[in-house]
Amino acid sequence: MAVIVVGGVEPEAGATTMAAGLAHRLAYAGNTVRVERLAGDARAEGDAALFATLEFASASGTPLAVPSDAAADGGVTVLEAPAGADPAAIARQAGGGRVLLVSAAGDAASAGSTGGATTIANRVAAGAAMAVPEDRLLAAPTVEVLREVSGARVLARSVVGDASICEHIVVGPVFEDSDEPHFGRFDRKVIVTRAEKVDIALAALRTAPRCLILTGGHDPSPYLLDRVASDRNTTLLLSPNDTVTTVHAIEGTFGSAAFSGAEKVERIGQHLAAAIDDVALA
C-alpha cells in the first residue's frame, strides 16, 4: 500500500483539511483510499472521528498508535501527522511513503516539491499552482459552534441541525424590511436580532437562514416558534446576552472553526482537484 503522510509546516496550517481533501481527490481519481490520524496531540481523536464520516474512504475512527499501523493491502493510505511531529520520519516508520506538507504562510512561494516532500500552500490568492485559495466556506463555523460560544439555548432545530455551516453574520435592522433585501443578500447565514422584534425575525425567516439567534434572553412569541417548527429550515437559538455581545462572541469563530461537514469536504476536494494534477498524484 502507498502511504502519504500529511503534516503542517506550522500550527493550524490546515493539515486535517488537506488530508480529507487529498483522500477525496484520490478516491475520485479511482483509488481505494484509507485515511487515518496518528496519535500524539489533543486533536487526534476528533480528527480520527471526522475521517470515519467520509463516505469515499475507509477509516478506523480512532488515532493510530504507531505509523506502521497504517499499512494495509492495496490502495492508498493518507495519514495525518500530529502537530509538531516530523512527517518525513513518520513516512519512514510507515514503511516508506510520500510527504505532503501544508503551509499557511500567506503566499504561494513555498509551494512545490523539494527534499522528497511536496508542499501545498493554504489560504492564498486564487489561481496559484499547488495552492488552495482562501475560502469563506472552509473558514465558516457550524451552528453547534455558534451555540456554544454564545451560550445560547436551542428553541428549535432545523432538519440539518447543529452540523449546518454558516458563512455570514447578518444583524437585524431596527425596522421591518418587508422585501428582505437586507437578509437576502447572503446564503448560508446566521441572523442575529432581538427576541422582541417579531416582525424582524419573521422577515429573516422568509430568507431561510441556517441559524437565527434571538438576543436579550426573553422568550419569543409563540407564533414565531410555530413558524420555525413548521418549516424546519432554520435552527432557532436564544442568547442570554444583548445583540452586540452575542455578535462579538460568535464573530471570532469565523476563520478559526475546526474542519468538519460534508460541504467542507466537497469544497476542499474541488480545490485539490484543481491544485494537484494526476501527474503529481502518480
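Refer to the preceding data block for the structure.
We now turn to the structure provided with this report. (Residues numbered from 1 in each chain as written. Predicted model: local features only at pLDDT ≥ 70, side-chain atom pairs only at ≥ 80, totals over all residues. Heavy atoms only, no water.)

## Examining the overall build of the protein
A tally of helices and strands in the protein yields ten helices and twelve strands. Working note: accessible area of the protein is about 12800 Å², and carbon and sulfur atoms make up 51% of it. (Helix = DSSP H or I, 4+ residues; strand = E, 2+ residues; numbered from the N terminus. Areas by Shrake-Rupley, 256 points an atom, 1.4 Å probe, with all protein chains shown as cover.)

## Remarks on the side chain of threonine 246
Assignment of secondary structure puts threonine 246 in helix α8 (residues 243-251). Apart from the residues lying within four places of it in its own chain, the contact partners of threonine 246 are Ser150, Val192, Ile213, Thr215, Ser239 and Asn241. (Contact = heavy atoms within 4.5 Å.)

## What about the sheet that holds strand β10 (residues 189-194)?
Spatially, β8-β12-β11-β10-β9 is the arrangement adopted by the five strands of the open sheet, whose pairing is mixed. Pairing within the sheet leaves two strands with one partner each, and these edge strands are β8 (153-156) and β9 (168-171). Here the strands of the sheet are splayed against their neighbours by 25° on average, with no regard to which way each runs. Note: β8 against strand β12 (residues 235-238), three bridges, orientation antiparallel. (Pairing = 2+ DSSP bridges. Axes fitted to C-alpha atoms, helices over the stretch in contact; angles between N-to-C directions.)

## Quick word on the pairing of strand β11 (residues 211-215)
Most of β11 sits out of view: five of its five residues are buried. Burial along β11 is two-sided: Cys211, Ile213 and Thr215 and Leu212 and Leu214, pointing in opposite directions, are all buried. Looking at chain direction, β10 and β11 are connected through five bridges and run parallel. Bridge pairing in β11 links valine 192 to isoleucine 213. The parallel pair β10 and β11, bridged by helix α6 (residues 198-205), forms a crossover whose chirality is right-handed. Relative to β12, β11 runs parallel, the two sharing four bridges. Among the inter-strand pairings, isoleucine 213 is bridged to a residue of β12, identified as leucine 237. Each parallel crossover has a hand, and for β11 linked through helix α7 (residues 222-231) to β12 it is right-handed. (Buried < 20%, exposed > 50% of the residue type's maximum accessible area, 1.4 Å probe, protein only. Right-handed = clockwise from strand over helix to strand, strands pointing away.)

## Regarding the pattern of salt bridges
Any two side chains of opposite charge can pair if their charged atoms end up close together. Under the criterion given, the structure shown has 13 salt bridges. Here aspartate 162 makes a salt bridge to arginine 157, at a shortest N to O gap of 3.1 Å. Overall, aspartate 162 belongs to the buried group, its relative accessible area being 17%. Put simply, arginine 188 and glutamate 167 hold a salt bridge, and the shortest N to O gap is 2.7 Å. Taken together, the residues span a long stretch of sequence, with arginine 188 in the loop between β9 and β10 and glutamate 167 in the loop between β8 and β9 at a distance of 21 residues. Sharing partners across several salt bridges, the network here consists of Arg37, Asp41, Asp47 and Glu80. (Salt bridge = Lys/Arg side-chain N within 4 Å of Asp/Glu carboxyl O.)

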